[in-house]
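Structure assessment
One-letter residues, chain by chain:
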Protein chains: 2
Amino acid sequence: MIIVTILGAGNVAQHLYKVFSASVEITVNQWYNRHLEHLQMFKNDVDIFDDISLFKEADIYIIAVSDDAVAEISEQLPFSNKLIVHTSGSVNLHHLDKKNRRGVFYPLQTFSKNAELNFNDVPICIEVEHKADYHVLKDLAIAIGSPYHRVNSPQRAALHLAAVFVNNFTNQLYRVAHEITESEGVDFNILKPLIKETAKKVDTLSPFMAQTGPAKRNDKKTIKKHLATLDKEIHKDIYILLTKAIKETHGI
Amino acid sequence: MIIVTILGAGNVAQHLYKVFSASVEITVNQWYNRHLEHLQMFKNDVDIFDDISLFKEADIYIIAVSDDAVAEISEQLPFSNKLIVHTSGSVNLHHLDKKNRRGVFYPLQTFSKNAELNFNDVPICIEVEHKADYHVLKDLAIAIGSPYHRVNSPQRAALHLAAVFVNNFTNQLYRVAHEITESEGVDFNILKPLIKETAKKVDTLSPFMAQTGPAKRNDKKTIKKHLATLDKEIHKDIYILLTKAIKETHGI
């Protein structure tokens, strides 16, 4: 049995609480948050508290709070030499107070408040200060059915940055497409199968091999027509820059 | 029974031939290509030919050739007042020779040579010159199990342009992510569940509502750190421009 204490009440904390509770190999013995009202709905299921002096013994203390709050909360902890981890893609391991054994348990996925998420689809990137702690965190990932990967700090930073491209920036391209279709009164939903197939394609082909389209073909006529069709300056800028990037990548 | 003649031997032509052949409601009576060798492998299954004078009677003649060849091939056809359609997202309906009844049967999807594709996931955008022809093309879409949408020329142009954003440009963002992970020796595969979840998320949330990340939060510290981490100028340019686009979209 792995005994876990959760700190924080946000999206990630709540998704982790849910999946930990569902595992027979994990017990969440306590759940801390500075503002107890955000945990009230769980009070019948778990020991919730807001008094920093009341921490009990656990195998892992998981700090799932906003990036800026990680350092402060880790300093306030009234114990030492325990395994504490944060869940952030971008916070340095050393921002955790060094009185405890430090690690990172970073779930590389997009979490929505209400969306159900299967943790089989949530890779856990594990970083540890002390080698022995890797196995504890690996076992935790296994207990929730997640793939896990040991990474170092620059690798976690690279993954977090790459995630901005494949998640945040990709979503903004969807937004641009939404604006383009809406401007002609045509249903954005028509694009959804293509959106999914594009994501699926990189399962079997590298993005390099999967590339198609006017930029890749150097189809100047279509590129010119597209640029003439775009109304918004920023849409034109995105079209020009990503066309340039595709050409550079493929030596065109 | 819908009698169809296919013209062309590329990806789209081959995928259409396959799905038409599998439908009990469709007969492909002939398959034309200028270079017969590209059709040789189908010669036992269908009447293949390269002599423009040998066309037989069909309900629909589907011209699935490269954009630049559509006009020329439609001019050469030795018959008139039949229903001819092209399959391109960007070629004008009027590039088809006007001696025949003209239309467009545009499958809005990314086709790979070897990948199996379920036509339930291939929306067909239908454009017609004569209203009565819409039903013929609609029935063809139904016979292959595809969703179908009647569009006008500006709407088809908007969909084709939007498809470049959600397919070609999105794939290039995957490529950038691949370069970023590779530069730290970390496995690009770790990002695939996130890539899929990002595509899935717009099923239930608009791209506007689905947006997250440092740009949306105006998290200047993370943005600065990311820009300092990026090695390639063009990666920096993409990061800056898409961050700006997200901020503009969300009024930040």
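Residues numbered from 1 in each chain as written. Chains lettered and ligands numbered in written order. Predicted model: local features only at pLDDT ≥ 70, side-chain atom pairs only at ≥ 80, totals over all residues.

**Description of the domain arrangement of chain A**
Residue and element names in this part refer to chain A. You can read the domains of chain A as domain 1 (2–151) and domain 2 (156–249). Using C-alpha coordinates to define each centre, domain 1 is positioned 36 Å away from domain 2. Counting residues at the interface gives nine residues for domain 1, matched by six residues for domain 2. Going through the elements one at a time, β6 (101–107) and β7 (124–128) are the ones with two or more residues in the side of domain 1 that touches domain 2. Partitioned by chemical class, the residues of the side of domain 1 that touches domain 2 number five nonpolar, three polar and one charged. (Domains from an automatic or database assignment. Contact = placed C-beta atoms within 7 Å. Helix = DSSP H or I, 4+ residues; strand = E, 2+ residues; numbered from the N terminus. Nonpolar A, V, L, I, M, F, W, Y, C, P; charged D, E, K, R; others polar.)

**Overview of unusual backbone geometry**
Across the chain, the bulk of peptide bonds are trans and the bulk of non-glycine residues have phi less than zero. One non-glycine residue, Asn-218 of chain A, lies in positive phi territory at about 55°. By the secondary structure assignment, Asn-218 of chain A is in the loop between α7 (214–217) and α8 (220–229). Asn-218 of chain A sits in the partly exposed class, given 13 other C-beta atoms within 10 Å. Of note in the backbone geometry, Asn-81 of chain B takes a positive phi value of approximately 60° without being a glycine. Along the chain, Asn-81 of chain B turns up in the loop between α2 (70–76) and β5 (83–86). (Buried ≥ 20, exposed ≤ 12 C-beta atoms within 10 Å, placed from the backbone.)

**Observations concerning the sheet that holds strand β4 (residues 60–63) of chain B**
Either a parallel or an antiparallel arrangement is found when strands of a sheet pair, and the pairing is made through backbone hydrogen bonds. Residues and elements named next belong to chain B. A sheet is described by the order of its strands in space; here eight strands give the open sequence β3-β2-β1-β4-β5-β6-β7-β8, paired in mixed fashion. Here the strands that pair on one side only, and so sit at the sheet edges, are β3 (48–49) and β8 (148–150). Where strand β1 (residues 2–7) and strand β2 (residues 26–32) come together, six bridges link them in parallel fashion. Counterpart to Ile-2 in the pairing with β2 is Ile-26. Sheet contacts for helix α4 (residues 153–183): β6 (101–107) and β7 (124–128); angle to β7, the most-contacted strand, approximately 150°. (Pairing = 2+ DSSP bridges. Axes fitted to C-alpha atoms, helices over the stretch in contact; angles between N-to-C directions.)

**Concerning the relation of the copies chain B and chain A**
Superposition record for chain B on chain A: RMSD 0.0 Å, screw rotation 180°, translation along axis 0.0 Å. This pairing of chains is accounted for by a two-fold axis. Of every C-alpha in chain B, the one belonging to Thr-170 of chain B sits nearest the axis of rotation, 2.8 Å from it. When the interface residues of chain B are mapped onto chain A, 100% of them again lie at the interface, so the same face is used by both copies. (Least-squares fit on C-alpha atoms with pLDDT ≥ 70 in both.)

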